[in-house]
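Chain by chain, the residues run as shown.
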Amino acid sequence: MTAHDDDTERTFAALPPAHGRGFAQSWWGLAWLKALEDAALDAAQVKTGRRLARAGAVGAVSVRPGRLTAVVQDRDGTAHRADVLLEELPDEQWDRFVDMAVERAGHVAALLDREMPPHLVEDAATAGIDLLPGLGDLEPQCDCGAWDHCGHTAALCYQVARLLDQDPFVLLLMRGRGERALLGALQTHGGAPAEGASRPEGVDAAEAYAAGHVLPPPPAAPRLPQAPGVPPSLDTETVPAPAVDPAALSFLASRAAAEAHRLLAEALRSGHDRHAVDGEPTAAEDAVRLAAGGPGPAVLERLAEGSGRSWEALDTAVRAWRLGGRAALAVLEDEWEVEGDVLARARAALESAWDEGERPSLRARANRWTVVDAPYQLRLDRDGRWWPYREERGHWVPVADACQDPATALASAALAAGDDL
C-alpha cells in the first residue's frame with residue numbers, strides 16, 4: 001500500500017485471487033457489498049464481477065475522496081479502467097462526526113483498532129451522517145461503455161470489500177477524510193488516546209441490541225467434533241521448572257479439552273437456550289471432576305489433599321460425579337432439611353410409589369430415607385429426584401442415576417447389587 005503525503009490518496013497493490021473464501025467477513029464489508037448487489041440492475045454483471053475479482057483480475061486499487069479506481073482485465077486479457085464514485089461528506093458533517101466520536105472513547109479506540117463497531121455507525125446516522133453507502137450510492141463509470149454496473153466496476157467493488165475488512169479508514173477516505181487528518185481532528189478535540197493509554201473494552205449491551213438490524217446474520221453453529229482435541233505433547237528434552245509436573249500439566253490439558261467438548265455438546269443440544277447455565281464449580285467440585293478423568297496416583301493424591309478428602313471419600317465422590325456430575329455430588333455431600341410443600345410432595349410420592357402392603361419400611365432423616373433392616377437408602381435432591389444409595393463397608397455410596405419415582409430408584413439400587421427387594 002502506498003500513501004501520498006497529503007493523505008488524500010491511498011493505493012493498494014493488487015490482491016491475490018480469492019479462491020474458496022468470501023470477499024467480506026466484517027459486517028461493514030458485507031454492508032458495502034449489499035449496496036452494490038441491491039442496486040445493480042443486471043445480476044449477471046454482478047456475477048461476472050465476482051468471478052473476475054475471485055480470479056485476481058483487479059489491479060492496484062486507488063482510493064481518493066469520492067472515487068475508487070482500478071484496471072480490471074477481462075478473461076481475454078482486455079484491460080478496462082473502472083471507477084466507482086461515492087459522494088463525499090461535507091465539512092459540516094465531518095465536524096459533527098468528530099464531535100460525536102469524541103463523546104465516546106470507545107469510538108476512537110475502535111477506529112484505532114481498525115474496526116467499525118455498529119454503535120459508531122448508529123450514532124453517526126443519528127447525527128445525520130451516513131458512513132456506509134445505501135441503495136444507489138455506488139455510482140459506476142467504466143471505459144467499456146456500460147451505463148450501469150458492469151463486470152469491471154462490480155469486480156472493483158468486490159475487491160474493495162476485502163480492503164474494507166482490513167481497514168475501515170478506506171471507507172472514511174472515500175467519504176472525504178484521510179486517516180491522519182481524521183485522527184488529527186480527533187486529537188485536537190481530545191478524543192484520541194495518548195500513546196500507551198488504556199482503551200475501554202467491550203460494547204454496551206443496549207447499543208449492540210439496538211444496532212442488531214445492521215449486523216449480518218450469525219454464523220452457523222459449529223459442528224461437534226467426534227472427540228475432544230488432543231493437547232500437544234510435553235515430552236521434550238527441555239527440563240521443566242522445579243514447580244512444574246509435566247504429567248499433571250498434560251492431564252489438566254486433556255481434561256480441559258474433554259470439558260470443552262462436553263460444554264459444546266450441551267450448547268448444541270436442542271432446547272439448551274431454555275435451561276439455566278451452571279455457575280462456576282468450587283475448587284472441591286473441580287477436584288472431583290478432574291479425579292473422574294482417571295489421573296495417575298500422584299495426581300489423585302494431590303486432588304484428595306487439595307479438596308480436603310480422604311482417598312476413600314474422593315473415590316466415592318468420583319462415583320457420584322460419574323453418575324450425575326455436580327447434582328449427584330451435592331446429593332452425596334450435602335444434607336438438608338425437607339420442609340413445607342417439598343416435604344408434602346415427597347411423602348405423597350412415597351405413598352403412591354408402591355401398591356398397598358408392598359412399600360418397604362423407611363426411616364427418614366433430613367433428605368434421606370433409609371430402608372429398615374436393608375442396606376439401601378433413597379436421597380432426595382432439590383429438584384425432586386430420588387437417588388439410590390447402598391451401604392458398603394459402613395459407608396453410603398451412590399449406585400445408580402436419579403429417578404422421579406422412588407420405587408424405581410430403590411429397585412435400581414437392588415438391581416445394581418444383584419439383590420431382590
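Here's what I pulled together on the structure shown here. Keep in mind it's a predicted model, so treat the numbers as computed, not measured.

## What to know about the overall build of the protein chain
At step 1: Within the protein chain, the regular secondary structure consists of 15 helices and 11 strands.
At step 2: With the model as given, the accessible surface of the protein chain reaches about 23500 Å², and the carbon-plus-sulfur share is 51%.

## Some details on the packing of aromatic side chains
At step 1: The final tally for this structure, using the stated rule, is three aromatic pairs.
At step 2: Centre to centre, the rings of Phe23 and Tyr158 are 5.0 Å apart; their planes meet at 50°, and the pair counts as tilted. With a gap of 135 residues between them, Phe23 in the loop between strand S2 (10-12) and helix H1 (27-39) and Tyr158 in helix H6 (residues 151-166) connect regions that are remote in the sequence. Take Phe23 and Tyr158: they sit in the same class, and that class is buried.
At step 3: Seen in terms of ring centroids, Trp94 and Phe97 are 5.6 Å apart; in terms of plane orientation they differ by 80°. Their pairing is edge-to-face.

## Focus: the environment of Ala248
At step 1: Inspection of the secondary structure puts Ala248 in helix H10 (residues 246-268).
At step 2: Between the alpha carbons of Ala248 and Leu300 there is a distance of 9.9 Å; along the sequence they are 52 residues apart.
At step 3: Ala248 has contacts with Val299 and Arg302, leaving out every residue within four places of it along the chain.

## Thoughts on the pairing of strand S7 (residues 362-365)
Side chains on a regular strand alternate between the two faces of the sheet.
At step 1: Bridge analysis of S7 against strand S8 (residues 368-371) gives four bridges, and the strand direction is antiparallel. When the sheet's bridge partners are listed, Ala364 is paired in S8 with Trp369.
At step 2: Linking two consecutive strands that pair antiparallel, namely S7 and S8, is a turn of two residues; a positive phi of about 55° is found at Ala366 within it.

## Concerning the pattern of salt bridges
Opposite charge on two side chains allows them to pair when their charged atoms are near.
At step 1: Inspection of every chain in the model, using the stated rule, returns 19 salt bridges.
At step 2: Ionic pairing is found between Asp167 and Arg10, a salt bridge with its closest N-O pair at 3.0 Å. Of the two residues, Asp167 sits in the loop between H6 and helix H7 (169-174) while Arg10 sits in strand S2, which places them 157 residues apart along the sequence. Just as Asp167 is buried, Arg10 falls in that class too.
At step 3: Where Glu351 meets Arg359, a salt bridge forms, and the shortest distance between an N and an O atom there is 3.6 Å.

How each quantity is defined
Residues numbered from 1 in each chain as written. Predicted model: local features only at pLDDT ≥ 70, side-chain atom pairs only at ≥ 80, totals over all residues. Heavy atoms only, no water. Helix = DSSP H or I, 4+ residues; strand = E, 2+ residues; numbered from the N terminus. Areas by Shrake-Rupley, 256 points an atom, 1.4 Å probe, with all protein chains shown as cover. Phe/Tyr/Trp six-rings, centres within 6.5 Å; stacked < 30°, edge-to-face > 60°. Buried < 20%, exposed > 50% of the residue type's maximum accessible area, 1.4 Å probe, protein only. Contact = heavy atoms within 4.5 Å. Pairing = 2+ DSSP bridges. Salt bridge = Lys/Arg side-chain N within 4 Å of Asp/Glu carboxyl O.

Distances and angles like these do not, on their own, reveal function.
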